[in-house]
Amino acid sequence: WLQALQQPDSDFQRQAAETIARAHAKGMAGLAESSSVLITTLRAADAHPALQLACARALVALGIEEAAEPLFAVTKGGSLDMALLVEPALARWRFAPMREIWLKNIQDVNCPLQRLKLAAQGLGLSGDQEAAAALRERLVDAGQQYGDTTSSRLALARALARLQTEGLEEDARRLAEQEGPAHLVDRLVAGQLLSRHTSQETSKLLAQLAVDPFPSVACVALQRLTEIDPDTAVEPGWVALDSPDAKLRKLGIQSIEQQADKSVVDRLAEMMNDKHTEVRTQARTALLELAQADKALDPLVRAAAEAMLGTDFWRGQQQSILLL
């Protein structure tokens, strides 16, 4: 492969670089030795874009941090495909010159959507605390002025949440109070901003968002609330069980398990007949966990499963048989 990389045929070189990346993914050792030749090929002035992309993919896969400078050079004038491949790696490697470009993109009202999202993701991964202020200004203070799309606002929110794990409750509260379909994205952003917060105020806001009429909002909130405050998640969890959204019903099952009483057993037994395979499987798994964790619940679980066997609901019968 090293010999192939040094041949004059660019297609031959490209295949060699791609093969090195595939071999590394399959566990072959010692491939880091090819990094110097890959960097040389990447830097060649007459290198075809497809060859550069293949070399970059191999260097990123191998984790060659010494390649940060040449990767940065080709990314600046390269395609979006190159940026999508290289910029997350430069973020992980804490490559400062790339962060400067990301900050400029965050502040540029005319920055293309994909470049803006890359900038947000890169800054979030980089751990650069100084970038939090720029992200917040774009997202909270000037988001409407810039006319950012749903995906870009969510990317900005996720990046800001990674960098700032406390102190965003007030921003999230203002967004969460925006009701109706027209402000769906505001409430989604509020949920994302709280995705790494753990305060009591965070729990209150997440409990409010967890019963949002839009499942996309409720799912984000209920999942995080179950992680940081299981007791508070029980009540919105019961509401989630009646949602038309299967993912939200699954989260509801996880939430009400904390209550662990006869009403939970009975409700989960009903959920074993849910039309969605993953939901009824989740209900059966939850019942098994309750029976194993609490001896007092074991006979209740058995009785509920046997009762389901006596119905005409084939889905529930199937799950009951598996449970018993």
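Below, the structure is looked at part by part. (Residues numbered from 1 in each chain as written. Predicted model: local features only at pLDDT ≥ 70, side-chain atom pairs only at ≥ 80, totals over all residues. Heavy atoms only, no water.)

### As for the pattern of salt bridges
This is how it is decided: Salt bridge, as applied in this entry: a Lys or Arg side-chain nitrogen positioned within 4 Å of an Asp or Glu carboxyl oxygen. Comment: elements are numbered from the N terminus, with helices defined as DSSP H or I runs of at least four residues and strands as E runs of at least two. A 1.4 Å probe rolled over the protein chains alone gives each residue an accessible area, and that area as a share of the maximum for its type sets the label: buried under 20%, exposed over 50%, partly exposed in between.
Overall, the coordinates contain 18 salt bridges when judged by the stated rule. Put simply, D212 and R187 hold a salt bridge, and the shortest N to O gap is 2.5 Å. Of this pair, D212 sits in the loop between helix 14 (200-209) and helix 15 (215-228) while R187 is found in helix 13 (residues 184-193), placing the two residues 25 residues apart along the sequence. In this structure, D212 and R187 share a single accessibility class: buried. The salt bridge partner of R249 is D274, with a shortest N-O separation of 2.9 Å. Placement of the pair is R249 in helix 17 (residues 246-256) and D274 in the loop between helix 18 (262-271) and helix 19 (277-293), with a sequence separation of 25 residues.

### Considerations on helix 3 (residues 35-43)
How we decide: Note on definitions: a residue-residue contact is assigned when non-hydrogen atoms from the two residues lie within 4.5 Å.
Taken together, the buried positions of helix 3 are S35, V37, L38, I39, T41 and L42. Among the structural elements, helix 1 (2-5), helix 2 (10-25), helix 4 (49-62) and helix 5 (68-76) are those in contact with the buried residues of helix 3.

### Some thoughts on the packing of aromatic side chains
What counts here: Aromatic rings from Phe, Tyr and Trp, taking only the six-membered ring of Trp, are treated as a pair when their centres fall within 6.5 Å; an angle between ring planes under 30 degrees marks them as stacked, one over 60 as edge-to-face, and anything in between as tilted.
Under the counting rule described, the total for this entry stands at 1 aromatic pair. Consider the rings of F72 and F95, whose centres lie 5.2 Å apart with planes at 55°: the pair is tilted. You can see F72 sitting in helix 5 and its partner F95 sitting in the loop between helix 6 (80-92) and helix 7 (96-107), a full 23 residues away along the chain. With relative accessibility at 8%, the residue F72 sits in the buried group.

### What to know about the nonpolar core
Applicable threshold: Remark: nonpolar core denotes a set of buried residues (Ala, Val, Leu, Ile, Met, Phe, Trp, Tyr, Cys) joined through side-chain atoms within 4.5 Å.
L71, I106, L135 and L193 are the most contacted members of the largest nonpolar core, which totals 80 residues. Looking at this core, the element that brings in the most residues is helix 4, giving 9 residues. Those residues in contact with L71, other than ones at most four positions away along the chain, are L42, A56, L59, V60, V86 and W93. Formed by 21 residues, the second largest nonpolar core is a distinct cluster that contains L241, A246, A286 and A305.

### Considering the environment of D148
Following the sequence through the fold, D148 ends up in the loop between helix 10 (143-146) and helix 11 (150-163). Taking the relative accessible area as the measure of exposure, D148 reaches 16% and is therefore buried.

### Re the environment of A16
When you line up the elements, A16 lands in helix 2. Distance in space between the C-alpha atoms of A16 and Q6 is 9.7 Å, their sequence separation being 10 residues. Beyond its immediate chain neighbours, meaning those up to four positions away, A16 contacts W1, A4 and L5.

### Brief notes about the environment of R162
For clarity, the cut-off: Think of a polar contact as two N or O atoms within 3.5 Å of one another; within protein, one of them needs to be a possible hydrogen donor and the other a possible acceptor, and neighboring residues in sequence only count if both atoms come from side chains.
Within the secondary structure, R162 sits in helix 11. The class for R162 is partly exposed, based on a relative accessible area of 41%. In the structure, R162 is positioned 41 residues away from Q121 in sequence and 9.7 Å away in space, judged by C-alpha atoms. Excluding residues that lie within four positions of it along the chain, R162 makes contacts with G124, L125 and R196. Looking at R162, its side chain comes within polar contact range of the main-chain oxygen of G124, at 3.5 Å.

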